[in-house]
Amino acid sequence: MTDTTEVSAAPAAPIASSRRFTASIREALWGYVFIGPWLIGLAIFAAGPIIASLIISLTDFNLLRPEAVQFIGFDNYIKMASDPNVLNSLLVTVKFAIIAIPLTMVASLGLAVLVNSPKLFGRSIFRTLFYMPIQIPLVASTLVWIGFLNTETGWLNGILAVFGITGPDWINSTVWIYPALSLIGLWGIGNLMLINIAGLQSVPSELYEAARIDGAGPWKMFRRITIPLMSPILLYNLVISLIVTFQYFTQAYTMTNGRGDPDNATLFINLNLFREAFQFNRMGYGAAIAWLLFVIVLVLTLLLFAFARKRVYYAGGES
Amino acid sequence: MLQTRSGPRALIALIGVVALVVAACGGTTASTAPSAAAPSAAAPSTAAATPLPSPSVVIVTPEPVAAGPGPNGGVVVRWFIGLGAGTQPQHLGPEAEWVKSYNDSQKDVYIIMEIVDNSIAAAQLKTEIAGGNPPDIIGPVGIEGLNLFRDQLQDLAPLVESTGYTQPGVDPKLAEFFKIGEGGAQIGLPFAVYPSYLFYNKDLFDEADLPYPPSKIGEMYEGKPWDMEAVRQLGMKLTVDKNGNDATSADFDPENIVQWGFDVQYHDGSARAETAMFGAGSPVADDGKTAQVPDYIANGEKWFNAGIWTDHFIPTANQVASTLLNGGGEFASGNLAMNEGHTWFTCCITPTAPAKPFDFGFAAPPAYNGVTTAPLHVDTFSMLKTTKVADAAFKALTAMVASPELLTIYGAMPADPAKQDAWFDSIDKNFPGVKLDWDVVQEALGYPDIPNNQSYVPNYGEAKAAFQAFQNKVRTTPGLDMDAELAALKTTLQGIFDKPAN
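What counts and what doesn't
- Residues numbered from 1 in each chain as written.
- Chains lettered and ligands numbered in written order.
- Predicted model: local features only at pLDDT ≥ 70, side-chain atom pairs only at ≥ 80, totals over all residues.
- Heavy atoms only, no water.
- Helix = DSSP H or I, 4+ residues; strand = E, 2+ residues; numbered from the N terminus.
- Buried < 20%, exposed > 50% of the residue type's maximum accessible area, 1.4 Å probe, protein only.
- Contact = heavy atoms within 4.5 Å.
- Areas by Shrake-Rupley, 256 points an atom, 1.4 Å probe, with all protein chains shown as cover.
- Domains from an automatic or database assignment.
- Pairing = 2+ DSSP bridges.
- pLDDT = per-residue confidence, 0-100.
- Salt bridge = Lys/Arg side-chain N within 4 Å of Asp/Glu carboxyl O.
- Patch = residues over 30% accessible without salt bridge, like charges linked within 9 Å, V, L, I, M, F, W, Y side chains within 5 Å.
- Lys, Arg positive; Asp, Glu negative; His and termini not counted.
- Charge placed at Lys NZ, Arg CZ, Asp CG, Glu CD.
- Expected span 1.5 Å × (residues − 1).
- Arc of directions from axis to C-beta.
- 1 Å grid on protein atoms, 1.4 Å probe; cavity = no way out; pocket = protein on both sides within 12 Å on 5 of 7 lines; lining within 4 Å.
- Points joined across faces, edges and corners; volume = space filled by probe spheres on them.
- Nonpolar A, V, L, I, M, F, W, Y, C, P; charged D, E, K, R; others polar.
- Axes fitted to C-alpha atoms, helices over the stretch in contact; angles between N-to-C directions.
- Parallel < 35°, antiparallel > 145°, perpendicular 65-115°, else oblique.
- Left-handed = near helix turned anticlockwise from the far one by under 90°.
- Polar contact = N/O pair within 3.5 Å; in protein donor to acceptor, adjacent residues only side chain to side chain.
- Core = buried A, V, L, I, M, F, W, Y, C linked by side-chain atoms within 4.5 Å.

Draft legend 1. Local environment of the overall build of chain B. For chain B, the count of helices and strands is 17 helices and 15 strands. Among the 502 residues that make up chain B, the fraction classed as buried is 57%. Sequence-distant contacts, at least 24 apart, represent 75% of the contacts inside chain B between residues at least 6 apart. Carbon together with sulfur atoms contributes 55% to the accessible area of chain B, which is approximately 19600 Å² in total.

Draft legend 2. Focus on the domain arrangement of chain A. The domain architecture assigned to chain A consists of domain 1 (2–56) and domain 2 (75–318). For domain 1 of chain A and domain 2 of chain A, the distance between their C-alpha centres works out to 29 Å.

Draft legend 3. Fine view of the sheet that holds strand 6 (residues 196–201) of chain B. All names here are of chain B. Pairing is mixed in the open sheet, where five strands are placed in the order 9-10-11-6-12. The two strands at the open ends of the sheet, each matched to only one other strand, are strand 9 (240–241) and strand 12 (360–363). For strand 9 and strand 10 (residues 257–264), the ladder comprises two bridges, and the chain directions are antiparallel. The residue bridging aspartate 241 from the neighbouring strand is isoleucine 257, located in strand 10.

Draft legend 4. How the structure looks around the confidence of the model for chain A. Here chain A averages 89 in pLDDT, while 92% of its residues score no lower than 70. Looking across chain A, the model is least confident in helix 1 (residues 13–56) of chain A, with a mean pLDDT of 85, and most confident in helix 6 (residues 155–162) of chain A, with 96.

Draft legend 5. Summary view of the pattern of salt bridges. Going through the model one piece at a time under the given rule, you end up with 18 salt bridges over all chains. With its nearest N and O atoms 2.8 Å apart, the salt bridge here joins Asp261(A) to Arg259(A). According to the relative accessible area criterion, Asp261(A) is buried, its value standing at 6%. Classification of Arg259(A) by relative accessible area gives buried; the value is 17%. When the shortest N-O distance is used, the salt bridge between Glu462(B) and Arg282(A) registers 2.5 Å.

Draft legend 6. Examining a negative patch on the surface more closely. Together, Asp203(B), Asp206(B), Glu207(B) and Asp209(B) make up a negatively charged patch on the protein surface. Looking at the element boundaries, Asp206(B) is found in helix 7 (residues 202–207).

Draft legend 7. The pairing of strand 12 of chain B, seen in detail. Residue and element names in this part refer to chain B. Burial along strand 12 is two-sided: Phe360 and Phe362 facing one way and Gly361 and Ala363 facing the other are all buried. Alignment of strand 6 against strand 12, held across four bridges, turns out to be antiparallel. Of the residues in strand 12, the one forming a bridge with asparagine 201 is phenylalanine 360.

Draft legend 8. Here's a closer look at unusual backbone geometry. Omega for the peptide link from Asp261(A) to Pro262(A) comes to -5°, which places this bond in the cis form. One can find Pro262(A) in the loop between helix 11 (250–256) and helix 12 (269–279). The residue after Ile450(B), namely Pro451(B), is reached through a cis peptide bond having omega 0°. If you trace the backbone, Pro451(B) turns up in the loop between helix 15 (438–444) and helix 16 (460–476). One non-glycine residue with positive phi stands out, namely Asp209(B), at about 60°. Tracing the sequence through the fold places Asp209(B) in the loop between helix 7 and strand 7 (220–221).

Draft legend 9. Representation of helix 2 (residues 89–105) of chain B. Residues and elements named next belong to chain B. The terminal C-alpha atoms of helix 2 lie 25 Å apart, and with 17 residues this matches the ideal 24 Å at 1.5 Å per residue to within 8%. Of the positions making up helix 2, those classed as buried are His91, Glu95, Trp98, Val99, Tyr102 and Asn103. The buried residues of helix 2 occupy an angular sector of 125° when projected down its axis, which confines them to one face. Along helix 2, the residues that are exposed and aim more than 90 degrees away from the buried face are Pro89, Gln90, Glu97, Lys100 and Asp104.

Draft legend 10. Highlighting empty space enclosed by the protein. Residues and elements named next belong to chain B. A full pass over the atoms with the stated rule returns three cavities of 30 Å³ or more. The volume enclosed by the largest cavity comes to roughly 70 Å³. No other element matches the three residues that strand 11 (residues 336–342) contributes to the lining of the largest cavity. When its residues are assigned to classes, the lining of the largest cavity shows six nonpolar, six polar and one charged. Space inside the second largest cavity adds up to approximately 50 Å³.

Draft legend 11. The arrangement of a nonpolar patch on the surface in detail. On the surface, Trp30(A), Tyr32(A), Val33(A), Phe34(A), Ile35(A) and Trp38(A) cluster together to form a nonpolar patch covering roughly 660 Å² of accessible area. Of note, Phe34(A) is situated in helix 1.

Draft legend 12. Focus on the packing of helix 12 of chain A against helix 13 (residues 283–311) of chain A. Residues and elements named next belong to chain A. Following both chains from N to C, one finds helix 12 and helix 13 inclined at 160°, their axes separated by 7 Å at the closest point. Comparing the axis directions of helix 12 and helix 13 gives the class roughly antiparallel. Both helix 12 and helix 13 take part in a crossing whose hand is left-handed. Side by side, helix 12 and helix 13 meet where Ile269, Asn270, Asn272, Leu273, Glu276, Ala277 and Phe278 of the first sit next to Met283, Tyr285, Gly286, Ile289, Ala290, Leu292 and Leu293 of the second. Grouping the constituent residues of the contact of helix 12 with helix 13 by class yields 10 nonpolar, three polar and one charged.

Draft legend 13. Molecular detail of the side chain of Asn339(B). Residue and element names in this part refer to chain B. For asparagine 339, the position within the fold is in strand 11. We classify asparagine 339 as buried; its relative accessible area is 0%. A polar side-chain atom of asparagine 339 sits 2.8 Å from the main-chain amide nitrogen of glutamine 265. Excluding residues that lie within four positions of it along the chain, asparagine 339 makes contacts with Tyr197, Leu198, Phe199, Asp263, Val264, Gln265, Phe331 and Phe345.

Draft legend 14. Inspection of the nonpolar core at higher detail. Counting 133 residues, the largest nonpolar core has Trp79(B), Ile137(B), Phe262(B), Met338(B), Phe381(B) and Tyr410(B) as the members making the most contacts within it. It is helix 12 (residues 390–402) of chain B that contributes the most residues to this core, eight residues altogether. Three or more residues apiece are contributed to this core by two domains, here domain 1 (4–193 + 378–426) and domain 2 (196–375 + 458–498) of chain B. Counting 37 residues, the second largest nonpolar core, distinct from the first, contains Val115(A), Ile197(A), Met230(A) and Ile296(A).

Draft legend 15. Geometry of helix 12 of chain A. Residues and elements named next belong to chain A. Taking burial as the measure, the 11 residues of helix 12 include nine buried ones, the bulk of the element. Every buried residue belonging to helix 12 is among Ile269, Asn270, Leu271, Asn272, Leu273, Phe274, Arg275, Glu276 and Ala277, and all of these are buried. Downstream of helix 12 by a residue or two, asparagine 281 has a phi angle that is positive, lying close to 70°.

Draft legend 16. Just the confidence of the model for chain B, in detail. Residues and elements named next belong to chain B. For chain B, per-residue confidence averages 87 on the pLDDT scale, and residues scoring 70 or more make up 85% of the total. The model gives residues 1–6 a pLDDT under 50, and that stretch makes 10 contacts with residues more than four places away or in other chains. Contacts from residues 26–56, a stretch scored under 50 in pLDDT, to residues over four places away or in other chains number 105 contacts. What the predictor reports for the complex is a pTM of 0.83 with an ipTM of 0.79.

Here it is, written out as structure tokens:
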């Protein structure tokens, strides 16, 4: 795998390396110039609340009794370790992530390959159709899905019944709720699909031609050319999917009116955070859960980036 | 050979990753990221957090008023609407008109409105309180809303006394009903009352050739007491499968039910409210901290469990959510024969297209073990302790409580009996050709559940969530060991009561 940080040990290399290093720094600096305005906005409008939430997490701040706030150190964090709801909500989130993220990644890539195929008639129409669900508000689409998944009059079980299959209780089963939510999530993969299409179109066609001449079949080309060259895109999608999954809230809230039914199987960590902070008024504890969530997502993201150093191919060099 | 990253570059990269995560965690650009939008549940009355989807989140922020007196020279009083009724599209214009009219009519008080969608109103109000920017008046609000903000609410009794305020015609017991604040503080004044009783679909009774249920408490039904057992038997006769067999038939197919006999539609989704016809009681003992499951809940939930899974005359959660029952609008679907509901339910009876229209009536609440209980909902206005303009706020609050216009806007049944006939007439106009027996309603007022099914318990919100989870489990899980479940509920409640107050 090529890596721009890889340098030759030959004596003549230092000058070329120095130039490349300077160019790399320059490129990185320009990158920061471009994201500078956004970073300034982040610092001004987000840093304050972020710092405040960290401080609040060290207090027993109650929304209805702001005047009685007490500094309690790390008590909230210690309490989390033995709080069954926190542990359960973490487990729920991880269980869902294990199902939803691979499904989302594979489905969005598969769809992208399909609608990018030159043999497909009406590609633009299909791309539009697969992207369209993104335009529908999450609450509205979730309500539609509740009807679709209903055991009595829902279409999905109706279709299964045609094939003699008795559909499960998608929404009220602690087992089937995760496939159900993953299915709902598939409706919103239009963004990932578009990004994947862009990635597919950036793969140089001469590589495929050369491979074809060498006798490679479609699957081999996909595995040896498409996937490696798209790996930065796939990494990006994976990181975003991971973050979004750990923030999962709206669909779970809508389906259960924020209760985490059935039997706390949809008490995602973000929903638990919301309940503690805004429904049960324990803002200090809620802030601590928010920081736990942040740390988990940060660690997982860093792990992914560490993994990416060895597995992701950057044609223009790792930036 | 791989070159090791230099310290600054690694640091910059790390900062970049953290910024990415922070930004992603804070943003909503991704397709499946959480959004601020929540399912909207706007109750037709403050009396219940009814799961009626509203088309959009309503937020009307107060008009900017410079510090000091309002444009009419009066003290500025902020009125927070959203904990119950008042946020439906049809309310907004008339509310604004009422406020304008009131502000124009006098020079002591200048009311400004803040309207927040019901689904987010409680969180919004908490945030305003925490931010040191609370309103002066909240309402209309029911018992539950009062409980959520119990220790934030002003005791109105001293203001009532100092101003000599009275509500002629209103039963003084109703004023006592609002002495549910901390230390018995009176945190509301009687405004609207919503007794409960049975709504029944006359067409379905006619189709089954069954006599209508009694309209007077204590009357018999087919020679037997009108009680929950009678409701069970009647409900089974009115539950029909797709082949036309009722639930008493040996050929009845419980997998293909198309019509149900009974349900309690549109309450707060908790076992406490669902079973309130079975009596009254508190989930907390007199010491204020020991959990208990009152008999009415235990008996009621066992009755519901059998009705859902054994006798099949009460729909399961999936059946309630199905199109056969209008996605939760059960009675309006025309496929539910009897529904226990409160007066405010008259808002939601009219069948919506393409549901078939039907004739309906009111029936007496059934008894349980010889005792009739008609769960009561109320609406009121309340003041926050933090108000700096208590006198002006109280003046505005009494104007709201006395306003016939606001009663009309909210479709609220007046607490003052003298105003009730006019209200009944206004409801009758919504149902041409339907003869409603309002005597049922007035009689039911005499059988309230005391303590109320929304009475205060420690950590109210969390306890309610436990009751909701319990009810959901009963509605979704066949074969439950109800005694074990009730024992587990008690343990859960005790755990909640033992936590520091929220």
